[in-house]
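# Structural overview
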Amino acid sequence: SYFATVLSISNLVLVSGQCRNDQKQLLLDLNLTSSSDLFIYPIPLGKLMKWNQAMDCCSWDGVSCDGGGHVIGLDLSNRAISSSIDGSSSLFLLQHLQRLNLAFNQFMTAFPAGFDKLENLSYLNLSNAGFTGQIPAKISRLTRLVTLDLSTDSFLSGEPLKLEKPNLEMLVQNLTRLRFLYLDSVNISAMGNEWCRALSPLTELQVLSMSNCYLSGPIHSSLSKLQSLSVICLDYNNLSASVPQFFAEFPNLTSLSLSSTGLKGRLPDEIFQIPTLQTLYLSYNMLLKGSFPNFPPNASLQALALSSTKFGGQIPESLDNLGRLTRIELAGCNFSGPIPKAVEKLTQLVSLDFSNNNFSGPIPSFSSSRNLTNLSLAHNKLVGTIHSTDWSSLSKLENADLGDNKLSGTIPPTLFSIPSLQRLDLSHNQFNGSIGNFHGKASSLLNTLDLSNNKLQGQFPTSLFELRGLETLHLSSNNFNGLIPMNAFQNLGNLFSLDLSHNRLSIDATATNISLLSFPTFTGLGLASCNLTEFPGFLKNQSSLIYLDLSNNHIHGKIPDWIWKPIDLARLNLSDNFLVGFERPLKNITSSVEIIDLHVNQLQGEIPIPTLDATYLDYSDNNFSSVLPAHIGDSLQHVSFFSISNNNIHGSIPPSICSSTSLRVLDLSNNSLSGPIPQCLFQMSGSLGVLDLRQNNLSGIISDTFSKSCKLQTLKLNQNRPEGKVPKSLGNCKMLEVLDIGNNQINDSFPWHLKNIAKLHHNPYSNLLELKHLHFVDSGSGGGTRYQDAITITTKGLELELVKILPVFTSIDISWNNFEGLIPEVIGKFKELHGLNFSHNAFTGPIPSSFGNLREL
């Protein structure tokens, strides 16, 4: 390899200490055009020896010499060198070498010995060179080192370097001249007092970079001796401690980076007052608290990142003192109030991310931030309109994300004409009006456009077909109308994600003149509520689909065999159609479908057995009429949501269903199931969030085996035939919001042992103005498992099913039982009750006067 050639040159020429100036003849003889080619073509060793005295190696790329011709610098970084190197290499004969850079190569060998022979080294950079294993102790003999870089990129390297024997202390104990130390992703595995004390003798250290080194905390006070520190980078370690106050006392600190380190407690306000501080990165410390003090005038801060922390409160108007700020990231915090007008004075801004907070009020103008490339204000409570004059000057803007707010008005056409714009997300707002004609002025770089979940209207904007670079186009849940021929999308050959669902559109997918060469290859396609009457034929050629939604259409017949053709198909929604069966059984499909939604069809016969990849199965509201297979649990090992409600399923519930440890929602309601309720279902309450068995013919007792770590939020056994008592262990279910055990054969006194389940007694959302419905959400599951609660109550002798239960509708219904004696006075303490039904019992005595407290009744 050419590196071996370089080492041979080093042995023959460089070690002699002189490099001659006459290399022209050498290049001609070798038929090379420049000295840099010596690093590209292998040179026969014998031929090289013939010419070695005619070479001026000091002019070679990467070689530096002193006045006497001695090689003092060698930079072979980023050359893709893959040769092996060991302690005998001629590289280590360069006794005058002061600077050595082998970074970003592919040696892929154990860390070689021999570097200690280069005793004049002041600069050694072996970052991402491919070396693995233990860092040798002899590195500590390089006492003249000023810069040592042994860092690796954990995403690029395989086995990381490590410091065990020697450990960190042994490595640096003699390196007292170090000013720059980079050990990122080296496995150091040391406690706070160990690694801090090991570094404390390095009093000249200016840069300390040890991210992802398996360091523990807390940070020891011995680190305060490093008063020369300018840069501290300890990201991705498990410090699990507060930020020490003494960091604010470092007189030269310019950069502090402690992201993803488990910081907790409150950040000292003095950190923001450090006059020299330019960058502060503290993101992804979920337990770190704090708020902004008033920023001092003429502050040096240029980059501030606090995303995913517990920072909150309002941003002070003194933000305009950060006139040098280029980057500010506050995503996923607890900030509230208006975005201060002071942000309009941050003329150097390049990136601003305030997403996922509680900011309210209007969007300030960013027209003075002419260098802005990224603007994200998504997932807040911003209101008002956006004005065209605020965007026309942002000629460098690449990403604009204003999704999930309460913005209204029309969308200014100047947004689309920003020449550098690549991504525009205005989804989940209240924009109205139509999308006008771009007149050829739209950005040719725009690849992502999301206008879904707004109030946009009018004819489908055909000007979108001018955006030839579009890769993602989402227009779902608006009021667009018109007929769209599917072959019109041939103009958008780069499109891979398209969602036109839930508009007033009609898609003509019957066209036969679709060119397969220019037609998009979709990975995601949403055509729900698009007046389809059959499966679109072009789907037969879509082999890359991952997500397909054809729900709420008028598609009849069987689910075709070719729908399962895409190997990577993960999400399929065919609900709300008129489908009657399958051309191929699910258990025989080869794609790895995870989410299958077939609810509200006319599917018949046996329950489809899914593939082992399934995580979400909704077969509810069909005409399935089989029994549940005895070993169905084997097919539900990864399923978190399983619903077969409102079918004609009969037989018993197989105990194997309890082996489905991933289940969060199990809904078998409104079928003809009989036999005893498997007692293991109640033992699953440590993982189940919803258990709905109502309206069947199930019998037996409710087992007193509810888990001590019960996570049930909904339990429904209404209209079955269980007997016995309400189990005491049900009191373990502290998260229970909906309990429905009416219309059964339970014989017990009122279950006062449930009185400590707080969510059964009061409205957990009562402080919210916006009404929400009780529902269960498991965001960790494949599609974000969601179950909508429903319950049957009796009011004035009439049964009423509440399909969406408003939390403000707090009720107690114990009618049609055999309760006797006095009505308990404690009922008068339930001040948020809206409904109370004690009818058809055997109560005696007076109505308690405490009922006068029930003002919401």
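In case you missed it, the structure is sitting above this.
Parameters and conventions
Residues numbered from 1 in each chain as written. Predicted model: local features only at pLDDT ≥ 70, side-chain atom pairs only at ≥ 80, totals over all residues. Heavy atoms only, no water. Helix = DSSP H or I, 4+ residues; strand = E, 2+ residues; numbered from the N terminus. Buried < 20%, exposed > 50% of the residue type's maximum accessible area, 1.4 Å probe, protein only. Contact = heavy atoms within 4.5 Å. Areas by Shrake-Rupley, 256 points an atom, 1.4 Å probe, with all protein chains shown as cover. Phe/Tyr/Trp six-rings, centres within 6.5 Å; stacked < 30°, edge-to-face > 60°. Core = buried A, V, L, I, M, F, W, Y, C linked by side-chain atoms within 4.5 Å. Disulfide = S-S within 2.5 Å. Pairing = 2+ DSSP bridges. Axes fitted to C-alpha atoms, helices over the stretch in contact; angles between N-to-C directions. Salt bridge = Lys/Arg side-chain N within 4 Å of Asp/Glu carboxyl O.

## Comments concerning the overall build of the protein chain
When its secondary structure is counted, the protein chain shows seven helices and 59 strands. With 857 residues in all, the protein chain has 52% of them scored as buried. Expressed as a percentage of contacts within the protein chain between residues at least 6 apart in sequence, the contacts between residues at least 24 apart total 55%. Split by element, the accessible area of the protein chain, about 37,200 Å² in all, is 49% carbon and sulfur.

## Brief notes about the packing of aromatic side chains
Applying the stated criterion across every chain, the model contains 27 aromatic pairs. Both rings, one in Phe-519 and one in Phe-522, keep their centres 6.0 Å apart while their planes meet at 85 degrees; by these two values the pair is edge-to-face. Assigned by exposure class, Phe-519 and Phe-522 land together as buried. Between Phe-682 and Phe-706 the ring centres are 5.2 Å apart and the planes differ by 50 degrees, which places this aromatic pair in the tilted class. Of this pair, Phe-682 sits in helix α6 (residues 680-683) while Phe-706 is found in the loop between β47 (697-701) and β48 (714-716), placing the two residues 24 residues apart along the sequence. Given the relative accessible area of 1%, Phe-682 is considered buried.

## Details of the nonpolar core
One finds Trp-195, Met-210, Phe-247, Phe-489, Leu-500 and Phe-642 to be the most contacted residues of the largest nonpolar core, which totals 210 residues. Top contributing element to this core by residue count: helix α5 (residues 192-199), with four residues. For Leu-500, the contacting residues outside a window of four places in its chain are Phe-460, Leu-475, Ser-476, Ile-484, Phe-489, Leu-505, Ile-507, Gly-526, Leu-527, Ala-528 and Cys-530. Membership of the second largest hydrophobic core comes to eight residues, among which are Ile-812, Ile-823, Ile-827 and Phe-838.

## Structural notes on the state of the cysteines
A covalent bond between the sulfur atoms of two cysteines is what we call a disulfide. The final tally for this structure, using the stated rule, is three disulfides. Between the sulfur atoms of Cys-58 and its disulfide mate Cys-65 the distance is 2.1 Å. With the S-S bond torsion at -95 degrees, the cross-link from Cys-58 to Cys-65 turns out left-handed. Here Cys-58 falls in the partly exposed class, since its relative accessible area comes to 24%. Here Cys-213 stays free of any disulfide, with the sulfur of Cys-233 as its closest cysteine sulfur at 9.1 Å. You can call Cys-213 buried: its relative accessible area is 0%.

## Side note on the sheet that holds β47
Pairing is parallel in the open sheet, where five strands are placed in the order β43-β45-β47-β49-β51. Every interior strand has two partners, whereas the edge strands, β43 (650-651) and β51 (745-746), have only one. Pairing of strand β45 (residues 672-676) with β47 involves three bridges; the strand directions are parallel. Its bridge partner being in β47, Ser-674 is matched across the sheet by Asn-697.

## A closer look at the sheet that holds strand β30 (residues 479-485)
With parallel pairing, the 11 strands of this open sheet are ordered in space as β12-β14-β16-β18-β20-β22-β24-β26-β28-β30-β32. Each having just a single partner strand, β12 (264-266) and β32 (504-508) make up the two edges of the open sheet. In this sheet, neighbouring strand axes are inclined to one another by 15 degrees on average, regardless of whether the strands run parallel or antiparallel.

## Some remarks on the pattern of salt bridges
This structure, assessed with the given rule, holds 10 salt bridges. Where Glu-329 meets Arg-327, a salt bridge forms, and the shortest distance between an N and an O atom there is 2.7 Å. The class for Arg-327 is partly exposed, based on a relative accessible area of 30%. The residue Asp-425 makes a salt bridge to Arg-423 at a minimum N-O spacing of 3.8 Å. A cluster of three or more residues bridged by salt bridges with shared partners is formed by Asp-401, Arg-423 and Asp-425.

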